[in-house]
Amino acid sequence: MPAGRRLLGAHVKGYAAAYFENLADYRGAEAHARDLAARGHHQAARDLTDALADLREAARQHRSARGIPEPIPIPTEETSPHGPTVTTATAARHLGVTDRRVRYLIADGTLAATRDGTGPWRIPSTALADYTTRRTA
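Below you will find a few notes about this structure.

Cut-off values and rules
- Residues numbered from 1 in each chain as written.
- Predicted model: local features only at pLDDT ≥ 70, side-chain atom pairs only at ≥ 80, totals over all residues.
- Heavy atoms only, no water.
- Helix = DSSP H or I, 4+ residues; strand = E, 2+ residues; numbered from the N terminus.
- Buried < 20%, exposed > 50% of the residue type's maximum accessible area, 1.4 Å probe, protein only.
- Contact = heavy atoms within 4.5 Å.
- Salt bridge = Lys/Arg side-chain N within 4 Å of Asp/Glu carboxyl O.
- Polar contact = N/O pair within 3.5 Å; in protein donor to acceptor, adjacent residues only side chain to side chain.
- Axes fitted to C-alpha atoms, helices over the stretch in contact; angles between N-to-C directions.
- Parallel < 35°, antiparallel > 145°, perpendicular 65-115°, else oblique.
- Nonpolar A, V, L, I, M, F, W, Y, C, P; charged D, E, K, R; others polar.
- Arc of directions from axis to C-beta.

Scanning the chain from N- to C-terminus turns up 6 helices and 3 strands. Along the chain direction, N to C, the helices and strands of the chain fall in the order α-α-α-β-β-α-α-β-α. When each of the 137 residues of the chain is scored for burial, the buried share is 28%. Of the contacts formed within the chain by residues at least 6 apart in sequence, a portion of 48% connects residues at least 24 apart.

The next point concerns the pattern of salt bridges. Scanning the entire structure with this criterion turns up 2 salt bridges. Between R103 and D99 there is a salt bridge, with the nearest N and O atoms lying 2.0 Å from each other. With a gap of 4 residues between them, R103 and D99 both fall in helix α5 (residues 99–107), about one helical turn apart. Owing to a relative accessible area of 37%, R103 belongs among the partly exposed residues under this scheme. Residue class for D99 comes out partly exposed when judged on its relative accessible area of 27%.

Within the element layout of this structure, T85 appears in strand β2 (residues 83–86). A relative accessible area of 0% means that T85 is categorised as buried. At 3.0 Å, the side chain of T85 forms a polar contact with the side chain of R122.

This part covers helix α4 (residues 88–95). For α4, the buried fraction is high: 6 of the 8 residues fall into the buried class. The first or second residue beyond α4 is G96, which carries a positive phi of 75°.

Packing of α4 against α5 leaves a shortest axis separation of 8 Å and a crossing angle of 105°. The orientation of α4 relative to α5 falls into the category roughly perpendicular. Residues T88, A89, A91, A92 and L95 of α4 form the contact with α5, whose participating residues are D99, V102, R103 and I106. Considering only residue class, the contact of α4 with α5 consists of 6 nonpolar, 1 polar and 2 charged.

Here the focus is the environment of E30. Along the chain, E30 turns up in helix α2 (residues 26–38). A relative accessible area of 27% places E30 in the partly exposed class.

By the burial criterion, the buried members of α5 are V102, L105 and I106. Buried residues in α5, looked at end-on, bunch into an arc of 100°, giving them a common side. Facing away from the buried side of α5 by more than 90 degrees, the exposed set consists of R100 and A107. After α5 finishes, the residue G109 shows a positive phi value of roughly 85°.

See below:
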């Protein structure tokens with residue numbers, strides 16, 4: 001950074017905080033903060049932990065001010081190259097619909113999912129969160 005310039009922190013408000021909260025990989029970020037602390041980078045670990053807490057709180061305040069219910073945590077079952085994913089059965093339980101309905105949403109392109117050959121569908125948790133947000137908006 002050039003001499004004489006200050007490092008500024010980011011401030012994320014309202015809708016942007018709620019949007020980024022849906023994209024955030026909290027477990028990954030929290031694990032990274034623990035790893036930083038274990039390697040002696042305590043300030044960086046605190047900065048990351050504080051930023052995650054600020055993001056969660058800004059998103060909570062946005063939802064509260066607009067009467068939007070708190071999101072239901074999405075249980076992830078395994079990690080793929082696309083990040084944490086869930087099965088169609090887990091997605092169905094989360095959405096309160098049938099497994100068949102989830103497969104229909106995948107088939108018509110409403111819900112993103114990947115599949116290895118003829119194996120089970122894997123739905124990225126971020127795609128499920130995006131769909132949930134669109135459905136309740």
